[in-house]
Amino acid sequence: MAYHSGEKLLIAATASFLGGAMIGMMLGKDNRDWVTENAGELAQRLNEMAQEARKRSTDGLQDIKKNAGNVKDMAPDLVQATKETLQRGR
């Protein structure tokens, strides 16, 4: 779900940047310089957010793998349990 929020943020940021760039081209060099400076900051922040999201997702996957192993160790082997039950019933 968080991934979709990131997509929306990226789309909004891109649209904002493009709108600002278009306005900057219409308003003159000083404004174009300001848009360029702020676009760099925005790109840097988006890159940081992407790196944080990658780290959180990697950490989350590692937790899932660890917990899946624990469940497997804790749950009985159903095939073996069924065989033992059938053998006792005979």
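Not measured: the values here are computed from a predicted model.

Cut-offs applied
- Numbering of residues starts from 1 in every chain and runs along the sequence as written.
- With the structure being a predicted model, the display of local features is reserved for residues of pLDDT at least 70 and the display and counting of side-chain atom pairs for 80 or more, all residues being used for whole-chain, interface and lining totals.
- Heavy atoms from the whole structure form the basis of all side-chain values; hydrogens and water molecules are not counted.
- We count a stretch as a helix when DSSP gives it H or I for four or more residues in a row; a strand needs E for two or more, and each element gets its number in order from the N terminus.
- The rule is simple: take the accessible area with a 1.4 Å probe, protein chains only, and divide by the maximum for that residue type; under 20% is buried, over 50% is exposed, in between is partly exposed.
- Method for areas: the Shrake-Rupley scheme with a 1.4 Å probe, in which residue coverage is limited to the protein chains shown.
- In the sections that follow, a salt bridge refers to a side-chain nitrogen of Lys or Arg positioned within 4 Å of a carboxyl oxygen of Asp or Glu.
- One less than the residue count of a helix, multiplied by 1.5 Å, gives the span that helix is expected to have.

**With respect to the overall build of the chain**
Scanning the chain for helices and strands turns up three helices and zero strands. Ordered by position in the sequence, the α and β elements of the chain form the string α-α-α. Looking at the chain as a whole, 4% of its 90 residues are labelled buried. Here the chain displays about 8000 Å² of accessible surface, and carbon together with sulfur accounts for 62% of that area.

**What to know about the pattern of salt bridges**
Going through the model one piece at a time under the given rule, you end up with three salt bridges. In this structure, E48 and R45 form a salt bridge, with 3.5 Å as the shortest nitrogen-oxygen distance. Separated by three residues within a single helix, E48 and R45 lie in helix α2 (residues 29-74), roughly one turn from each other. Classification of R45 as partly exposed rests on a relative accessible area of 39%. Notably, a salt bridge pairs K55 with D59, separated by 2.9 Å at the nearest N-O pair.

**Overview of the environment of A43**
With respect to the secondary-structure elements, A43 resides in helix α2. Residue class for A43 comes out partly exposed when judged on its relative accessible area of 45%.

**Some thoughts on helix α3 (residues 78-89)**
An α-helical turn contains 3.6 residues, so a residue and the one three or four places further along point in the same direction. For α3, which comprises twelve residues, the first-to-last C-alpha distance of 16 Å matches the rise-based estimate of 16 Å (1.5 Å per residue) to within 8%. For α3, a buried count of zero out of twelve residues is recorded, marking the element as mostly open to its surroundings.

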